[in-house]
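Geometric and topological summary
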Amino acid sequence: MAEVIIVGAGLAGLSCARELARANIPCLIVEASDGVGGRARTDYLDGFLLDRGFQVLLTAYPAAQRSLDYTALQLGRFEPGALVRLSGKFHRVADPWRRPGAMLQTAFSPIGTLGDKLRIAKLRYQVIRGPLQAIFQSPETSTSQFLRERGFSPVMIERFFRPFFGGIFLERELRTSSRMFQFVFRMFSEGHAALPARGMGAMAEQMASRLPEGTIRLNARATQVAAQSVTLATGERLSARSVVIAADHANACRLVPSLPQMRSKGATCLYFAAEKTPIDEPTLVLNGDSSGPVNSVCVPNLVAAGYAPVGAHLVSVTVLGQREMADGQMQAAVRQQLTSWFGPAVQRWQHLKSYFIPDALPEQTSVVLGDGSARLPEGSYACGDFLDTASINGALRSGRQVAEALLADARA
Ligand SMILES: Cc1cc2nc3c(=O)[nH]c(=O)nc-3n(C[C@H](O)[C@H](O)[C@H](O)COP(=O)(O)OP(=O)(O)OC[C@H]3O[C@@H](n4cnc5c(N)ncnc54)[C@H](O)[C@@H]3O)c2cc1C
């Protein structure tokens, strides 16, 4: 019999299982879907790797450094910075994280002012010094307010911060906590944005492959949990000394209604196959105008070649917000906007798949970094990105913390 049952084989659940396995505690993960990885999964379609929503691994994430074997993942790196589409032209923002001086290629760049360069250098200095924990104890406001208070010009906020961090927070209002902003800024300053050679899903697959055989049961949806038991949709009842809920926020709340309620942020990711790449570098292209559905575009196979078969290119397009259009309408709107960016070749792109993700990220207007896990009054435990920073790092960290809490309770 497993000593611990974990509900959910996303990064949080896998991280929890990994720590328990290290302590020789037998555990069983029950996963509702047919694979591991949760929101960080990759589908394979005609030689293309389609992440279920465009996302990146920031190599500086401390929890990822601890849990993942980067060498085996064969990470491909993004060029730091971005190309910003603005008023009919592309403008480069070069590495604001490490080389703030080079950030705006000319003093007259329409992305920001000379003063913004100095402010970003100062921000960088403030954000990277001291322990990471200090960020989560700093005064908290919204990201947009934080940037205004630091004197950034409205132009810089509109044309760079809004599309760049909007793509990370999955909301362009920048209402997300300033602590989360500083955390992400620091991660970009200390490492790179990267994609594994076999897609983002390779992170979870790697973690799963290093667990003892038989640890994961797929296609096993939990419908009820108690302190020492889990009931599956089939009616089967599993018992253990402890139960950890590592489901995403919406599903965790279905199982444990006493968990804190949070709103979800949605996103849509559309994938196209192109004969010719619309850009020739491994970088992110941002929408610096506030019009049109597209927030960002990239060609993942320029970052990690395995994302597309030889002779083809994969174009990934991210649209923020909850679904407002049918897939066909969305594709047409995206094609129209991108034709104005990249020319008529866009009309020949072949649509591969669209992912509409209503619960992509939990709303994080406030981030209090506790131990990333919850001991529930019902006697069970919970972990997941919604209890930490809503990120790969948060999920991994939270899973580890819940395992540590469980081990401490067992010892006590
Ligand atoms: C579009 C998008 C873009 C993102 N961009 C980034 C990024 O660039 N960088 C970054 O760091 N993070 C990003 N993230 C966030 C990151 O993917 C998540 O924070 C992380 O994967 C969450 O892991 P988790 O284990 O907490 O939850 P999940 O991955 O949601 O895992 C929960 C698991 O529980 C299972 N489950 C749910 N209910 C049950 C049940 N009743 N019984 C059994 N199993 C159940 C689910 O099937 C799932 O496998 C992004 C996410 C999305 C969707």
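Residues numbered from 1 in each chain as written. Predicted model: local features only at pLDDT ≥ 70, side-chain atom pairs only at ≥ 80, totals over all residues.

1. Some thoughts on the site of the ligand
The following threshold applies: We call a residue near a molecule or strand when the C-beta position, derived from backbone atoms, sits within 6 Å of it. Helix and strand assignments follow DSSP, with helices taken as H or I runs no shorter than four residues and strands as E runs no shorter than two, numbered in order from the N terminus. For this scheme, ten residues count as nonpolar: Ala, Val, Leu, Ile, Met, Phe, Trp, Tyr, Cys and Pro. Four count as charged, namely Asp, Glu, Lys and Arg, and the remainder, Gly too, count as polar. As annotated, the domain borders come from an automatic or database domain assignment.
Looking at the ligand, there are 37 residues lining it, with Gly8, Gly10, Gly38, Gly53 and Gln55 nearest. For the shell around the ligand, the secondary-structure elements that each account for two or more residues are helix H1 (11-22), helix H10 (249-255), strand E19 (350-362) and helix H12 (392-411). The element best represented in the shell around the ligand is H12, accounting for four residues. A per-class count over the shell around the ligand returns 20 nonpolar, 12 polar and five charged. Taken domain by domain, the makeup of the shell around the ligand includes at least three residues from each of domain 1 (4-41 + 201-262 + 371-411) and domain 2 (43-77 + 194-199 + 264-361).

2. Thoughts on the nonpolar core
The cut-off we apply is this: Note on definitions: a nonpolar core is a set of buried residues drawn from Ala, Val, Leu, Ile, Met, Phe, Trp, Tyr and Cys, linked by C-beta atoms within 7 Å. Neighbour counting defines burial: a residue surrounded by 20 or more other C-beta atoms within 10 Å of its own C-beta is buried, one with 12 or fewer is exposed, and intermediate counts give partly exposed, using backbone-placed C-beta atoms. Each residue is represented by a C-beta atom placed from its backbone, and any two residues with such atoms within 7 Å are regarded as in contact.
Counting 126 residues, the largest nonpolar core has Ile5, Ile6, Val7, Cys16, Met203, Val244 and Ile245 as its most contacted members. Leaving out residues up to four positions away in the same chain, Ile5 has contacts with Cys27, Leu28, Val30, Val230, Leu238, Ala240 and Val243.

3. Re H1
For clarity, the cut-off: The span expected for a helix works out to 1.5 Å for each residue beyond the first.
The terminal C-alpha atoms of H1 lie 16 Å apart, and with 12 residues this matches the ideal 16 Å at 1.5 Å per residue to within 8%. In terms of residue burial, H1 counts as a mostly covered element, since 10 of its 12 residues are buried. One or two steps after H1, the chain reaches Asn24, where phi turns positive at roughly 60 degrees.

4. Some details on the sheet that holds strand E9 (residues 193-196)
Operational definition: Here, a strand pair is defined by DSSP locating no fewer than two bridges between the strands.
Strand order across the open sheet formed by three strands is E5-E9-E6, with antiparallel pairing between neighbours. Across the chains shown, the open sheet's two edge strands, defined by having one partner strand only, are strand E5 (57-58) and strand E6 (75-77). One ladder, built from three bridges, connects E6 with E9; its direction is antiparallel. Within the sheet, the bridge partner assigned to Leu75 lies in E9 and is Pro196.

5. Quick notes on the sheet that holds strand E11 (residues 222-226)
Selection rule: To obtain each axis, a line is fitted to C-alpha atoms, and for helices this fit is confined to the stretch in contact; angles are then taken between N-to-C directions over 0 to 180 degrees.
Within the open sheet, the three strands sit side by side as E11-E12-E13. Their pairing is antiparallel. What marks the edges here is a single partner per strand, and that holds for E11 and strand E13 (237-239). Strand-to-strand, the axes of this sheet are offset by a mean angle of 20 degrees, without reference to chain direction. Relative to E13, strand E12 (residues 229-232) runs antiparallel, the two being bridged by three bridges. If you follow Val230 over to E13, its bridge partner there is Leu238.

6. Concerning the packing of H1 against H12
Where we set the bar: Small angles under 35 degrees read as roughly parallel and large ones over 145 as roughly antiparallel, with 65 to 115 read as roughly perpendicular and the rest as oblique. The handedness criterion is simple: a crossing whose near helix is rotated anticlockwise from the far helix by less than a right angle is left-handed, and one whose near helix is rotated clockwise is right-handed.
Running from amino to carboxyl end, H1 crosses H12 at an angle of 40 degrees, the nearest separation of the two axes being 7 Å. It follows from the interaxial angle that H1 and H12 lie oblique. Note that H1 runs across H12; the crossing there is right-handed. Residue-level inspection shows Leu11, Ala12, Gly13, Leu14, Ser15, Cys16, Glu19 and Leu20 of H1 in contact with H12, the latter providing Ile392, Ala395, Leu396, Ser398, Gly399, Arg400, Val402, Ala403 and Glu404. Split into classes, the residues belonging to the contact of H1 with H12 amount to 10 nonpolar, four polar and three charged.

7. A closer look at the domain arrangement of the chain
Segmenting the chain into domains produces domain 1 (4-41 + 201-262 + 371-411), domain 2 (43-77 + 194-199 + 264-361) and domain 3 (97-102 + 109-187). With centres defined by C-alpha atoms, the gap from domain 1 to domain 2 works out at 28 Å. Facing 19 residues of domain 1, the contacting portion of domain 2 comprises 20 residues. Of all the secondary structure elements, the ones that give two or more residues to the side of domain 1 that touches domain 2 are H1, helix H9 (201-209), H10 and H12. Residues that form the side of domain 1 that touches domain 2 fall into these classes: eight nonpolar, five polar and six charged.

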